[in-house]
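Coordinate inspection notes
As a plain string of letters, each chain reads:
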Amino acid sequence: GHINKETPRIALNRAGVDSTVHAFRHLTSTILNETLLFKSDVVEVAMAHVGKDKIRATYNNAQYTEKRRKMMQWWSDFIDMCDTERNNLKALKRFNII
C-alpha cells in the first residue's frame, strides 16, 4: 500500500523544517529543469505531472525508468553537495543554476 498522505508533512514538522512537501517538489522540478541535464518529459514523469497536451498524454505512456533512475541519483548527489550554505551556492553555480 501507500503511505498516509500526511506522513511527509509530519516528518518535515518533526524535523523542524519550515517548508511544505509541495515546496520541495517545486524546488526539485525547478532545479532539474534548470540544469538542462534531463529532458523535461523525464522530469515531468518523475514528478507525476500530467502533460498539458491531453492527446499526447493519452498515447505516450513512456515511463523513462532508466533515465529517471539516473536523474534521481544525480538529484541525491546534488542534495549531498548542499550540506552547508556555502556548498549550496557552489553546487548551484557549478550547474549554472545561479
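Please read these numbers as outputs of a predicted model, since none were measured by experiment.

Observations concerning the overall build of the chain
Along its length, the chain carries six helices and zero strands. In the chain, the order of α-helices and β-strands from amino to carboxyl end is α-α-α-α-α-α. Counting across all 98 residues of the chain, residues that qualify as buried make up 18%. A fraction of 38% describes how many contacts in the chain between residues 6 or more apart in sequence connect residues 24 or more apart. Counting 16 positive and 11 negative side-chain charges, the chain places the centres of these two groups 3 Å from one another.

Topic: the nonpolar core
Grouped together as the largest cluster of nonpolar side chains are 14 residues, with contacts concentrated most on Ile31, Leu32, Trp74 and Phe78. Listing elements by their share of this core, those giving two or more residues are α2 (21-35), α3 (40-46), α5 (65-81) and α6 (85-94). Tallying contributions element by element places α5 first for this core, with four residues.

Structural notes on unusual backbone geometry
Non-glycine residue Leu36 carries a positive phi angle of around 65°. Looking at the element boundaries, Leu36 is found in the loop between α2 and α3. The class of Leu36 is exposed, set by a relative accessible area of 74%. A positive phi angle, near 55°, is found at Asn96, a position not held by glycine. Note that Asn96 resides in the segment after α6. Judged by relative accessible area, Asn96 falls into the exposed class, the value being 63%.

Here's the deal with the environment of Cys82
Considering the arrangement of structural elements, one finds Cys82 in the loop between α5 and α6. Given a relative accessible area of 22%, Cys82 falls into the partly exposed group. For the pair Cys82 and Leu92, spaced ten residues apart in sequence, the C-alpha to C-alpha distance is 8.8 Å. Leave out the neighbours within four places in its chain, and Cys82 touches Asn87, Asn88 and Ala91.

A closer look at a nonpolar patch on the surface
A cluster of nonpolar residues, Val17, Phe24 and Leu27, forms a patch on the protein surface that exposes about 230 Å² of accessible area. Mapped onto the elements, Phe24 comes out in helix α2.

Notes on α5
The end-to-end C-alpha separation of α5 is 24 Å, in line with the 24 Å expected for 17 residues at 1.5 Å each. Inspection of α5 places Met71, Trp74, Trp75 and Phe78 among the buried residues, and these make up the whole buried set. Angularly, the buried residues of α5 cover 100° about the axis, an arc narrow enough to put them on a single face. For α5, the exposed residues lying more than 90 degrees away from the buried face are Thr65 and Asp80. Considering only its buried residues, α5 is in contact with α2, α3 and α6.

What counts and what doesn't
- Residues numbered from 1 in each chain as written.
- Predicted model: local features only at pLDDT ≥ 70, side-chain atom pairs only at ≥ 80, totals over all residues.
- Heavy atoms only, no water.
- Helix = DSSP H or I, 4+ residues; strand = E, 2+ residues; numbered from the N terminus.
- Buried < 20%, exposed > 50% of the residue type's maximum accessible area, 1.4 Å probe, protein only.
- Contact = heavy atoms within 4.5 Å.
- Lys, Arg positive; Asp, Glu negative; His and termini not counted.
- Charge placed at Lys NZ, Arg CZ, Asp CG, Glu CD.
- Core = buried A, V, L, I, M, F, W, Y, C linked by side-chain atoms within 4.5 Å.
- Patch = residues over 30% accessible without salt bridge, like charges linked within 9 Å, V, L, I, M, F, W, Y side chains within 5 Å.
- Areas by Shrake-Rupley, 256 points an atom, 1.4 Å probe, with all protein chains shown as cover.
- Salt bridge = Lys/Arg side-chain N within 4 Å of Asp/Glu carboxyl O.
- Expected span 1.5 Å × (residues − 1).
- Arc of directions from axis to C-beta.

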